[in-house]
Amino acid sequence: MKTENGLKKGEKVARRAIWLEGFLVISKFFAAFLSGSLVLKADAIHSASDILSIVTSWLGLKIAQKKPSKKFHYGFYKAENIGSLIISFLIFFAFWKMIIDGYSRLFSFSSIKFAIVGLVVSLADALILYFFGKYEIKVGKEINAESLIAMGKENRTHLFSSMTVFV
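Now for a quick tour of the structure. (Residues numbered from 1 in each chain as written. Predicted model: local features only at pLDDT ≥ 70, side-chain atom pairs only at ≥ 80, totals over all residues. Heavy atoms only, no water.)

1. A word on the pattern of salt bridges
And then number 1: What the rule picks out here adds up to three salt bridges.
And then number 2: Ionic pairing is found between lysine 9 and glutamate 142, a salt bridge with its closest N-O pair at 2.3 Å. Of this pair, lysine 9 sits in helix H1 (residues 4–35) while glutamate 142 is found in helix H4 (residues 115–143), placing the two residues 133 residues apart along the sequence.
And then number 3: Given a relative accessible area of 46%, glutamate 142 falls into the partly exposed group.
And then number 4: Across the pair lysine 28 and aspartate 43 runs a salt bridge, and its minimum N-O distance is 3.1 Å. (Salt bridge = Lys/Arg side-chain N within 4 Å of Asp/Glu carboxyl O. Helix = DSSP H or I, 4+ residues; strand = E, 2+ residues; numbered from the N terminus. Buried < 20%, exposed > 50% of the residue type's maximum accessible area, 1.4 Å probe, protein only.)

Structural data, given as structure tokens:
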């Protein structure tokens, strides 16, 4: 069962994730602008959509902390589970969108300037989100928060997308 302290801890992790992801989105957009890389710009947009997932998780954890009421005798802890479901749909949508966008850009070419900026940002993004994802999963399991576990697993997959951008 989720405790109030556990939910507060999960909320704190989600809040950190919002700031971290926001920083990475700004970095990717800046690097995409400097380098002219369309794939880095697409990755920045993908990461920006991840912020919506993180906010959903944070809201679910926040609502789950509310005290039981007459209408909800057992409390609001299921709000966090609903947040997990919404995150799953967002991940599927982002996956589908990336497939469609990737295929449509498969046969186009663009020139890259300042490639080192894009390389550094994509490598840093891969490593930061992989290790932060492991942390989210650890805390999620510790406090039994499915939305944190889902966010952590999604962040670990950034290793593959960011390394694809790197290549």
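2. Describing H4
And then number 1: With 29 residues, H4 should cover 42 Å at 1.5 Å per step; its first-to-last C-alpha distance of 42 Å lies within 8% of that length.
And then number 2: Asparagine 144 occupies a position one or two residues after H4 and carries a positive phi of about 60°. (Expected span 1.5 Å × (residues − 1).)

3. Describing the packing of aromatic side chains
And then number 1: Under the criterion given, the structure shown has two aromatic pairs.
And then number 2: Seen in terms of ring centroids, tyrosine 130 and phenylalanine 131 are 5.2 Å apart; in terms of plane orientation they differ by 80°. Their pairing is edge-to-face.
And then number 3: Classification of tyrosine 130 by relative accessible area gives partly exposed; the value is 26%.
And then number 4: Exposure remark for phenylalanine 131: the relative accessible area of 52% places this residue in the exposed category.
And then number 5: Between phenylalanine 132 and tyrosine 135, the ring centres sit 5.7 Å apart and the planes meet at 50°, which makes this aromatic pair tilted. Placement of the pair is phenylalanine 132 and tyrosine 135 together in helix H4, with a separation of three residues, close to one helical turn. (Phe/Tyr/Trp six-rings, centres within 6.5 Å; stacked < 30°, edge-to-face > 60°.)

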